[in-house]
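Remarks on the overall topology
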Amino acid sequence: MQGPDAVAALAGELAAATRIALFTGAGISTESGIPDFRSPGGIWTQMKPIDFRDFIASEDMRREAWRRKFASDPTMRAARPNRGHRACAHLVATGRAGALITQNIDGLHQASGIPDDSVIEVHGNATYAHCLDCKTRYELEAIRAPFESNGTLPHCRWCNGIVKTATISFGQAMPQAEMRRAETEALAADCFVVLGSSLVVYPAAGLPILAKRNGARLVILNREATDMDGVADLVIHDSISDILGAAVGAA
Ligand code: NAD
Ligand code: ZN
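The residue count restarts for each chain, going from 1 along the sequence in the order it is written. Ligands are numbered from 1 and chains lettered from A, in the order in which they are written. In keeping with the predicted nature of the model, local features appear solely for residues at pLDDT of at least 70, side-chain atom pairs appear and are counted solely at 80 or more, and the whole-chain, interface and lining totals rest on all residues. Remark: hydrogens and water are excluded; side-chain values derive from all non-hydrogen atoms of the structure.

1. Here we look at the coordination of the zinc ion (ligand 2)
- A donor here means an N, O or S atom no more than 2.8 Å from the metal, or no more than 3.2 Å when the metal is Na, K or Ca. Since water is not included, a site may seem to lack partners. Within the protein, C131 (SG), C134 (SG), C156 (SG) and C159 (SG) serve as the donor atoms for the zinc ion (ligand 2), at 2.3 to 2.4 Å.
- Square planar and octahedral assignments, for four and six donors respectively, both demand that opposite donors be over 155 degrees apart and that all other angles lie between 65 and 115; tetrahedral needs four donors with all angles between 85 and 135 degrees, and anything else is irregular. Coordination at the zinc ion (ligand 2) comes from 4 donor atoms whose angles at the metal span 96 to 122 degrees, giving a geometry best classed as tetrahedral.
- All donors to the zinc ion (ligand 2) come from one chain, and their sequence spacing reads C-x2-C-x21-C-x2-C.
- Each residue's exposure class comes from its accessible area (1.4 Å probe, protein chains only) as a fraction of the maximum for that residue type: buried when under 20%, exposed when over 50%, partly exposed otherwise. Owing to a relative accessible area of 35%, C159 belongs among the partly exposed residues under this scheme.

2. Some words on the pairing of strand β8 (residues 217-221)
- Strands are runs of DSSP state E lasting at least two residues, helices are runs of H or I lasting at least four, and both sets are numbered from the N terminus onward. Along β8, 4 of the 5 residues are buried, which leaves the element largely enclosed by surrounding structure.
- Strand pairing is assigned whenever DSSP identifies at least 2 bridges connecting the two strands. Relative to β8, strand β7 (residues 191-195) runs parallel, the two being bridged by 5 bridges. Paired with F192 across the two strands is L218, which belongs to β8.
- Between β7 and its parallel partner β8, the chain crosses via helix α9 (residues 206-213), and the hand of that crossover is right-handed.
- Here β8 runs beside strand β9 (residues 234-236); their pairing, made up of 3 bridges, is parallel. Orient the strands so they point away from the viewer, and a crossover whose first-strand-to-second-strand path over the helix runs clockwise is right-handed.

3. Describing the sheet that holds β8
- On the basis of which strands lie adjacent, the open sheet formed by 6 strands has the order β3-β2-β1-β7-β8-β9 and parallel pairing. Every interior strand has two partners, whereas the edge strands, β3 (119-121) and β9, have only one. The sheet shows a mean angle of 15 degrees between the axes of neighbouring strands, direction not considered. Working convention: axes come from line fits to C-alpha atoms, limited for helices to the stretch in contact. Angles between N-to-C directions cover 0 to 180 degrees.

4. Quick notes on the packing of aromatic side chains
- Stacked, edge-to-face and tilted are the three classes for Phe, Tyr and Trp ring pairs, Trp counted by its six-membered ring, which pair at centre distances within 6.5 Å; planes under 30 degrees apart are stacked, over 60 edge-to-face, the rest tilted. Using the criterion set out here, one finds 3 aromatic pairs in the structure.
- Ring geometry for F23 versus F192: centroids 5.7 Å apart, planes at 40 degrees, classification tilted. Residue F23 is located in strand β1 (residues 20-24), and its partner F192 is located in strand β7; the two are separated by 169 residues in the primary sequence. The pair F23 / F192 is uniform in exposure class, with both members buried.

5. Things to note about the sheet that holds strand β5 (residues 137-138)
- Judged by pairing direction, the sheet is antiparallel, and its 3 strands sit side by side in the order β5-β4-β6 without closing on themselves. On the outer flanks of this sheet lie β5 and β6 (163-167), each paired with one strand and no other.
- Sheet contacts for helix α4 (residues 59-78): β4 (124-131) and β6; angle to β6, the most-contacted strand, approximately 45 degrees.
- In this fold helix α7 (residues 140-150) packs onto β4, β5 and β6, with an angle of close to 70 degrees to the strand it touches most, β4. Contacts are assigned to residue pairs with any non-hydrogen atoms lying within 4.5 Å of each other.

Structure follows, in C-alpha cells:
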C-alpha cells in the first residue's frame, strides 16, 4: 500500500491501538541525510562492516574502524531529526507509545525530544565512545586529534582497556538490559510498528515476531519489501516522513 490510502490505514491502526510499540531502523534517518545499510547505494554496497572479533584482534582493524568513524562523523553530526522522528516523538509524548525501540546509533530520536529513558537503543550509540572493559565514557573529539595526528589508538585512562564507539558491532554481545526492556515493550504492545528496517539483523529483528505471536497487530512501513511482509497486518512501501508524518499530523 502507498500514498493517501496508506496514511488512512496507518491512522486507523494507531487509533485502534491501546499501546503502541515503535521500532525504528536506519530507514527513518535517511531523510535526515544519513545513509542506511541496505537501500540501493547504501553503505553495505560500498564496504563490509568490521566484525567485533576483528576489531579486538587487530590494531589495523581498529585504525580502519576509527578512520571510517571520523570520515562519516560530520554527516552524522550535521543531521537533524525529520518529520518521521517528530511523528514518533509525538506518539511517545502523548503516551500512545510506551517507549521507542531503535536499532539506530545516531541519537536523532533523543534530538527530536524523546527523553533518554524512553529511547531503547539495542545497538548502542555512535555519538560517543566508551571503554569496553569498565565502560568509562570518552568523547569523540578527544580521540580524534591524537588519532589524526599520528594514528594513536584510544585506550582507557583508568584500566587501559580498548576504547570503541558505544555501538554494538556485528559479532558483539547485545546489551542485555536494553534487550530485556525491548522485549517487555514488544509484549506489552497491541500494535507493533516497524519503521525503516530491512528486518534482517537478529536478534533485534525477532522483536516484531515476538509481538505478533503475542497477539499484537504488526505494521511494517518500509520503502522496500521485507521478509516479514507476509505475516504483517498492514504493509506500506512508502516514505516514513510522508506517511507516518501525515498519519499522526506531525509538523
Ligand atoms: P537497513 O539499512 O538494513 O534497512 C533500512 C530499510 O529502510 C531499507 O529496507 C529501506 O528500504 C528502508 N528505507 C530507507 N529510507 C526510507 C524512508 N525514507 N522511508 C521508508 N523506508 C526507508 O537498516 P536496519 O534494518 O536498521 O539495519 C541496519 C543496522 O545498521 C542497524 O542495526 C543499525 O544499527 C545500523 N545503522 C544505523 C544507522 C543510523 O543510526 N542512522 C545508519 C546505518 C546503519
Ligand atoms: Zn576502562
